[in-house]
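An overview of the molecular structure
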Amino acid sequence: MKMNLNKHTETLSISPLSPLHIGSGEGESYQPMEYMVKDNCLCLFKPTALLEVLGSKKLEDIAKRGSTTELRQDINNRKDKFLPYIYEVISASCHFAEDFEEKVKDNKANQAIIDRTQFNPHTQAAYIPGSSLKGALRTALLANKNPDIGWKPQPNDKQDKRGSNQANRKAQQDAFKYQNPDQDPLKCLKISDSLEAGSTNNSPNRLIAYGVSKRITPKKGSNDLSGSDGIKTAIEVIEPGQLGKFTADWTYQALKSTKNKNDTNFQDSKVDLQPNDIAQACNSYYKQILQEELQAYKRMNEQQAKLVHPQWLQQMHSLLNDSSNPIKQALDKNRAMLIKLGRFGGAEAKTLPKHRQIWIMFPEPAGDAKGEYRSEVKERRFFALNKKQATNLIPFGWCLIWRNNSMPDAVNTLIEQFALNDRTNMGDREAMWQDINKAIEGVKIGIEKEKWQKQMDELRAKMTDANKGGGASHPLMIDFEHLEHTAQEQNWDKEYSEKLKQLGYDIKKHLMRDEEREMAQLEEKIHKTSGQNFGGDLVQNHLKPLVDKAVSEWSKEDQIKLRALTKQALDCVGASYKKKGKPKDLLQRLPSE
């Protein structure tokens, strides 16, 4: 905590207690041509991957036909090829993965748009905007002041945004006792966007699943909630039960510190909120909201068993009512704050209890009317792994904010119990990244092998015009030795090392004069004959004819070389050239020096 006489700064640790989806003001979403689904994971790739994997001609053909369905099927058929181009992976429900594959088969993949939660465009990690936190705190503070709205829509009114906005603005001015917006005391409250704690590997866990709409009250004349399924939306959520993933700073500049003789902005304001006042108002408001929700969910579960997740209900009931629960103890002392954030959290949490006027759109237009104002909603969105799920649904948006000091281990343990621990129906993000890294490594190795092959091909091409002779001092042999040294440094694999070895043999053979080639063939024959029983063939059919030819046609230098090889051949077949006889006569035909 950083403090001075007029400014108070605290670090907040934010832990989701239920799935959290914070919509982007720009309506960010995952488009079907930006991802593939593999092993129950959503894998994002950049548009350039399409060109790299499918090629320009294929893309041109698809563009001419205008078939996005064909493009989507091509992506599906080449998932392994796309792996090296993946830049982000998000776990997904297996049911979403199945639904997506069905859409691809039914040529409806263009419908597979996924609402994305707020994210950092540089790291792709999810975060909680400071504006979301401040908006939720403002609602709680406003409710605590309980201002007179002084406006109600008429039953047959169309949506009157202007009237409702004017009434809302007037209520806030009355509650916080200001006229000029610059006098709003909450301008003194600064809340940073949440930071991703640590490295990318520690970024918040997200999941692709569903937001499903369920009635929270039965229809008239019925106690049955079954068959009340409404909208089902594929969404990305921040998973609950995560520790240390979100931290933010809030700073409050006391009003008195802003006053000076040249600054009249706050001189008429009578509200000077302190951090503890804000925390107290937040807990007072959201505890009441949670209490009302728990009662509603209890009634829902009485109508349809386990409709809302019983364990989640029990955990939330405990932090509200169990005096031995360390989270309740912290909430009671305002060391922590209970808050509801994001989309699908319910309009009740964003409106004032005694003055709710919630605009509800009609499923189908009724004459000129597109909707109506209501003081309560009949349906609510819940988190589900399966869009047909009828049990163990979880409400959206509940979070715990811990002020200043590190959370005690007992609190950490309780928060971790909110996690979605049954991962059997979800993708394994870590395992997918391992596959991606292997694929990336494979591409790197492939590129290296292409480079190795190109170097060998270039060297082999030089053989055609190379002059014969020169041995180890020949430029081609020098180039080969350099490449051989490079191969050792780069640790070429066995396949390419063998190719290089064969290239060396071919170069040496190609550079040989006729005399050198014939002696090399003889040397090879000697090695093959060693230890065998057909030495006579070596002498009569190979060695003797070659000596005859050398005596009549070869230079003295080559004859001397052949003499050494002749000794080796005679030794190989066990023929003594030190005493009189044909072996000695054959050897003496060649000069010794």
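Relevant structure appears above.
Here's what I pulled together on the structure shown here. On a predicted model such as this, the values are computed, not experimentally measured, just so you know. (Residues numbered from 1 in each chain as written. Predicted model: local features only at pLDDT ≥ 70, side-chain atom pairs only at ≥ 80, totals over all residues. Heavy atoms only, no water.)

Topic: the pattern of salt bridges
What counts is decided by this rule: Every case where a carboxyl oxygen of Asp or Glu lies within 4 Å of a side-chain nitrogen of Lys or Arg is listed as a salt bridge.
Tallying each qualifying case throughout the model produces 32 salt bridges. Close ionic contact of arginine 65 with glutamate 70 constitutes a salt bridge, the shortest N to O distance being 2.7 Å. Each of Lys58, Arg65, Glu70, Asp74 and Arg78 takes part in salt bridges that share partners, so that together they form one network.

Topic: the nonpolar core
For clarity, the threshold we go by: Buried Ala, Val, Leu, Ile, Met, Phe, Trp, Tyr and Cys residues that are joined via side-chain atoms within 4.5 Å together make up what is termed a nonpolar core. Here the term buried applies to any residue with accessible area under 20% of the maximum for its type, exposed to any over 50%, and partly exposed to those in between, with areas from a 1.4 Å probe on protein chains only. Going along the chain from the N terminus, every DSSP run of H or I of four or more residues is numbered as a helix, and every run of E of two or more is numbered as a strand.
Judged by nonpolar contacts, the single largest core of 98 residues is most densely connected at Tyr35, Leu42, Phe96 and Leu319. Looking at which element gives the most residues to this core, the answer is helix H9 (residues 275–303), with 11 residues.

Describing the packing of H9 against helix H10 (residues 310–321)
Describing two packed helices takes the angle between their axes plus the distance from one axis to the other. Formally: Simply put, an axis is a line fit to the C-alpha atoms, just over the touching stretch for a helix, and the angle between two N-to-C directions goes from 0 to 180 degrees. Left-handed is the label given to a crossing in which the near helix is rotated counterclockwise from the far helix by less than a right angle, and right-handed is the label when the rotation is clockwise. Whether two residues touch is decided by their heavy atoms; if any such pair falls within 4.5 Å, the residues are in contact. Side-chain classes are defined by residue name, with Ala, Val, Leu, Ile, Met, Phe, Trp, Tyr, Cys and Pro counting as nonpolar, Asp, Glu, Lys and Arg as charged, and the others, Gly among them, as polar.
In contact at an axis separation of 11 Å, H9 and H10 are set at 145° when each is read in the N-to-C sense. In this structure, H9 crosses over H10, and the sense of that crossing is left-handed. Residues Lys287, Leu290, Gln291, Leu294, Tyr297 and Asn301 of H9 lie in contact with H10, whose contacting residues are Trp312, Leu313, Met316, His317, Leu319, Leu320 and Asn321. Among the residues making up the contact of H9 with H10, the classes are represented as 8 nonpolar, 4 polar and 1 charged.

Some words on unusual backbone geometry
The backbone of aspartate 39 sits at a positive phi, close to 50°, despite the residue not being glycine. For asparagine 491, which is not a glycine, the phi torsion comes out positive at approximately 55°. With respect to the helices and strands, asparagine 491 occurs in the loop between helix H14 (475–490) and helix H15 (494–511).

Let's talk about the packing of aromatic side chains
Short version of the rule: Think of it this way: a Phe, Tyr or Trp ring, Trp meaning its six-membered ring, pairs with another when their centres are within 6.5 Å, and the plane angle makes it stacked under 30 degrees, edge-to-face over 60, tilted otherwise. The criterion for a charge sitting over a ring is simple: Lys NZ or Arg CZ within 6 Å of the ring centre, and within 35 degrees of the ring normal.
Following the criterion strictly, the structure yields 11 aromatic pairs and no others. Plain terms: the ring middles of tyrosine 286 and tryptophan 398 are 6.4 Å apart, the flat faces sit at 90° to each other, and that makes the pair edge-to-face. Linking tyrosine 286 in helix H9 with tryptophan 398 in strand E18 (residues 398–403), this pair joins segments that are 112 residues apart in sequence. Judged by centre distance (5.2 Å) and plane angle (50°), the rings of phenylalanine 344 and phenylalanine 396 are tilted. Of the two residues, phenylalanine 344 is situated in the loop between strand E13 (336–340) and strand E14 (358–366) and phenylalanine 396 in the loop between strand E17 (394–395) and E18; the sequence distance between them amounts to 52 residues. Taking the relative accessible area as the measure of exposure, phenylalanine 344 reaches 13% and is therefore buried. Using a relative accessible area of 0% as the deciding quantity, one classes phenylalanine 396 as buried. Put simply, the rings of Tyr35, Phe96, Phe100 and Tyr210 touch in pairs and so form one group of aromatic residues. Sitting over the ring of tyrosine 35, arginine 72 keeps its end group 6.0 Å from the ring centre. When the ring centre of tyrosine 496 is taken as reference, the NZ or CZ atom of lysine 499 above it lies at 4.4 Å.

Description of the environment of glutamine 311
Relative to the elements of secondary structure, glutamine 311 occurs in helix H10. Each C-alpha atom of the pair glutamine 311 and glutamine 417 lies 9.5 Å from the other, and the pair is 106 residues apart in sequence.

Here's the deal with the pairing of strand E6 (residues 86–92)
Test applied: Whether two strands pair depends on DSSP finding at least two bridges between them.
For E6, the tally of buried residues reaches 6 of 7 residues, placing the bulk of the element in the interior. Pairing between E6 and strand E10 (residues 206–215): 2 bridges, direction parallel. The residue bridging serine 91 from the neighbouring strand is leucine 207, located in E10.

Observations concerning the environment of glutamate 34
Along the chain, the position of glutamate 34 falls in the loop between strand E3 (29–30) and strand E4 (35–38). Taking the C-alpha atoms as reference points, glutamate 34 and arginine 72, 38 residues apart in sequence, are found 9.9 Å from one another. Setting aside its immediate chain neighbours within four residues, glutamate 34 contacts Ser29, Cys43, Leu44 and Phe45.

As for the pairing of E13
Extensive coverage of E13 is indicated by the burial of 5 of its 5 residues. The side-chain alternation of E13 yields two buried faces, one formed by Ala336, Leu338 and Lys340 and the other by Met337 and Ile339. Direction of pairing for E13 relative to E18: antiparallel, over a ladder of 5 bridges. Directly across from isoleucine 339, in E18, lies its bridge partner cysteine 399.

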